[in-house]
Amino acid sequence: MFKITAPRSKTEFERYYDLRWRILRAPWQQPRGSERDHHENNAIHAMALNDEGHIIGVARLHQINKTTAQIRYMAVEDRWQGSGIGDALLRDLEDKARALGVQLIKLNARENSVGFYTKRGYQITGPGHLLYDEIKHQKLEKRLDN
Ligand SMILES: CC(C)(COP(=O)(O)OP(=O)(O)OC[C@H]1O[C@@H](n2cnc3c(N)ncnc32)[C@H](O)[C@@H]1OP(=O)(O)O)[C@@H](O)C(=O)NCCC(=O)NCCS
């Protein structure tokens, strides 16, 4: 079992960023710090905790303007992937976006996770960037029904 919550303390944020880094950056030999950007302080952070209190999934939403937001840095601990955690994190951020009046969510998905997002109503709008010369991305978006 797991629950979705938000990091609050300094220690929780350190563990939250650590999971991001381990899943999304370390396999490509990227340094610590490369898992963050300048939106962190103004973003909505979500994390999944297992029964032992370990962070096993993370995701972030930041608002681009009044009605549009972007989801970035979705990552689930390897052995927990496929357990519904990504789904729960995405729903949590979408609910919070709706509450803010957001009508459109955009994201850039790694090619191997595009299917995860299209299953949840995201539509491909075009090709995205190539990360570290090898990870192809697609641009996707979803209109929220308020
Ligand atoms: C992509 C990711 C966030 C999805 O989270 P997850 O917890 O593994 O996904 P869930 O268990 O919630 O997936 C639920 C559903 O999506 C499907 N799904 C998951 N990954 C998928 C994929 N790559 N392609 C197609 N479907 C996928 C599952 O089959 C499942 O389907 P169901 O609802 O019909 O049973 C996670 O696998 C991950 O962290 N991957 C590595 C890092 C990454 O690529 N992050 C995304 C960066 S854009």
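Each remark here, short or long, concerns the structure printed above.
Source: prediction; values computed, not measured.

Caption draft 1: Examining the sheet that holds strand β2 (residues 44-50) more closely. With respect to topology, seven strands assemble into an open sheet ordered β1-β2-β3-β4-β5-β7-β6, the strand pairing being mixed. Two strands bound the open sheet, and with one partner strand each, they are β1 (2-5) and β6 (123-131). In this sheet, neighbouring strand axes are inclined to one another by 20° on average, regardless of whether the strands run parallel or antiparallel. Where strand β4 (residues 68-76) and strand β5 (residues 104-110) come together, three bridges link them in parallel fashion.

Caption draft 2: Up close: the site of the ligand. Near the ligand, the surroundings consist of 22 residues, among which Val76, Gly84, Gly86, Asp87 and Asn112 are the closest. Within the backbone of Gly84, a nitrogen or oxygen atom sits 2.7 Å from an oxygen atom of the ligand. In the environment of the ligand, an oxygen atom lies 2.7 Å from a nitrogen or oxygen atom belonging to the backbone of Gly86. Protein chains bury 69% of the 910 Å² of accessible surface belonging to the ligand in isolation. Where the shell around the ligand is concerned, the elements lending two or more residues are α1 (10-24), β4, α2 (85-99), β5 and α3 (114-118). Within the shell around the ligand, the residues separate by chemical class into nine nonpolar, nine polar and four charged.

Caption draft 3: The nonpolar core, seen in detail. Grouped together as the largest cluster of nonpolar side chains are 23 residues, with contacts concentrated most on Ile71, Ile105, Tyr117 and Tyr122. For this core, the secondary structure elements donating two or more residues are β2, β3 (55-63), β4, α2, β5 and α3. Sorting elements by how many residues they give to this core places α2 first, with five residues. The contact partners of Tyr117, leaving out residues within four places of it in the chain, are Met74, Leu90, Leu107, Ala109, Tyr122 and Leu140.

Caption draft 4: Spatial organisation of the packing of aromatic side chains. Applying the stated criterion across every chain yields a total of five aromatic pairs. Through pairs of rings, three or more aromatic residues link up here, namely Phe13, Tyr16 and Tyr17. For Arg110, the ring lying beneath its charged end belongs to Trp28, and the centroid distance is 4.8 Å.

Caption draft 5: Representation of unusual backbone geometry within the structure. You will see that Tyr132, though not glycine, has its phi angle at about 50°, which is positive. Here Tyr132 lies in the loop between β6 and β7 (135-143). Judged by relative accessible area, Tyr132 falls into the partly exposed class, the value being 26%. Phi is positive for Asp133, close to 65°, though the residue is something other than glycine. For Asp133, the position within the fold is in the loop between β6 and β7.

Procedures and definitions
- Residues numbered from 1 in each chain as written.
- Predicted model: local features only at pLDDT ≥ 70, side-chain atom pairs only at ≥ 80, totals over all residues.
- Heavy atoms only, no water.
- Pairing = 2+ DSSP bridges.
- Helix = DSSP H or I, 4+ residues; strand = E, 2+ residues; numbered from the N terminus.
- Axes fitted to C-alpha atoms, helices over the stretch in contact; angles between N-to-C directions.
- Near = heavy atom within 4 Å.
- Polar contact = N/O pair within 3.5 Å; in protein donor to acceptor, adjacent residues only side chain to side chain.
- Areas by Shrake-Rupley, 256 points an atom, 1.4 Å probe, with all protein chains shown as cover.
- Nonpolar A, V, L, I, M, F, W, Y, C, P; charged D, E, K, R; others polar.
- Core = buried A, V, L, I, M, F, W, Y, C linked by side-chain atoms within 4.5 Å.
- Buried < 20%, exposed > 50% of the residue type's maximum accessible area, 1.4 Å probe, protein only.
- Contact = heavy atoms within 4.5 Å.
- Phe/Tyr/Trp six-rings, centres within 6.5 Å; stacked < 30°, edge-to-face > 60°.
- Lys NZ or Arg CZ within 6 Å of the ring centre and 35° of its normal.

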